Amino acid sequence: MTSTPKTPEVNSKENQEFVEAQALAKAWQRANPELELIRLESLRAMTEQQSAELFARISQSASMMQLRMSSGLVRQQEILNRLRQDKL
């Protein structure tokens, strides 16, 4: 059983924004298969030299990013444990 998203009943502006967002999401869903085919075709058409250059650019930009010492999972667990203890 699938449920459909409910339309906000607050005011017409919010309702219009919701309807527009839904239409945009549906448009991207319809376009996705064709966009994926275009992406795959462009990757297949790449030469070894082009893919090496692209990989080098990606590697270079990744090396400029600051490494994080934590994913934030430990901090999230601390917060959730504190919230759970407050409810007990």
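Residues numbered from 1 in each chain as written. Predicted model: local features only at pLDDT ≥ 70, side-chain atom pairs only at ≥ 80, totals over all residues. Heavy atoms only, no water.

Q: Where do I start with the overall build of the chain in this structure?
A: Along the chain, the regular secondary structure elements total three helices and zero strands. Its helices and strands in sequence order give the chain the pattern α-α-α, from N to C terminus. Going through the 88 residues of the chain one by one, you find that 0% of them count as buried. With an accessible surface of roughly 8,800 Å², the chain has 58% of that area assigned to carbon and sulfur atoms. (Helix = DSSP H or I, 4+ residues; strand = E, 2+ residues; numbered from the N terminus. Buried < 20%, exposed > 50% of the residue type's maximum accessible area, 1.4 Å probe, protein only. Areas by Shrake-Rupley, 256 points an atom, 1.4 Å probe, with all protein chains shown as cover.)

Q: It is not clear to me how a nonpolar patch on the surface should be interpreted in this structure. Could you clarify?
A: A grouping of Leu24, Trp28, Leu35 and Ile38 is seen on the molecular surface, where their side chains present a nonpolar patch of about 430 Å² in accessible area. Tracing the backbone through its elements, the reader meets Leu35 in helix 1 (residues 12-45). (Patch = residues over 30% accessible without salt bridge, like charges linked within 9 Å, V, L, I, M, F, W, Y side chains within 5 Å. Salt bridge = Lys/Arg side-chain N within 4 Å of Asp/Glu carboxyl O.)

Q: Whenever I open this one, the confidence of the model for the chain confuses me. Can you help?
A: Low-pLDDT stretches of the model should not have their predicted coordinates read in fine detail. Chain-level pLDDT for the chain is 87 on average; 88% of the residues reach the 70-or-more range. Within the chain, no element has a lower average pLDDT than helix 3 (residues 73-87), which sits at 89, and none a higher one than helix 1, at 94. (pLDDT = per-residue confidence, 0-100.)

Q: Help me understand the pattern of salt bridges, please; the structure alone is not making it clear to me.
A: Considering all chains together, one arrives at two salt bridges under this definition. Arg39 is the salt-bridge partner of Glu36, the closest N and O atoms lying 2.6 Å from each other. Of this pair, Glu36 and Arg39 both sit in helix 1, three residues apart, roughly one helical turn. Under the relative-accessibility criterion, Glu36 is labelled partly exposed at 31%. In this structure, the salt-bridge partner of Glu78 is Arg75, at a minimum N-O distance of 3.4 Å. Highlighted residues: Glu78 and Arg75, both in helix 3, separated by three residues, approximately one helical turn. Using a relative accessible area of 39% as the deciding quantity, one classes Glu78 as partly exposed. The class of Arg75 is partly exposed, set by a relative accessible area of 45%.

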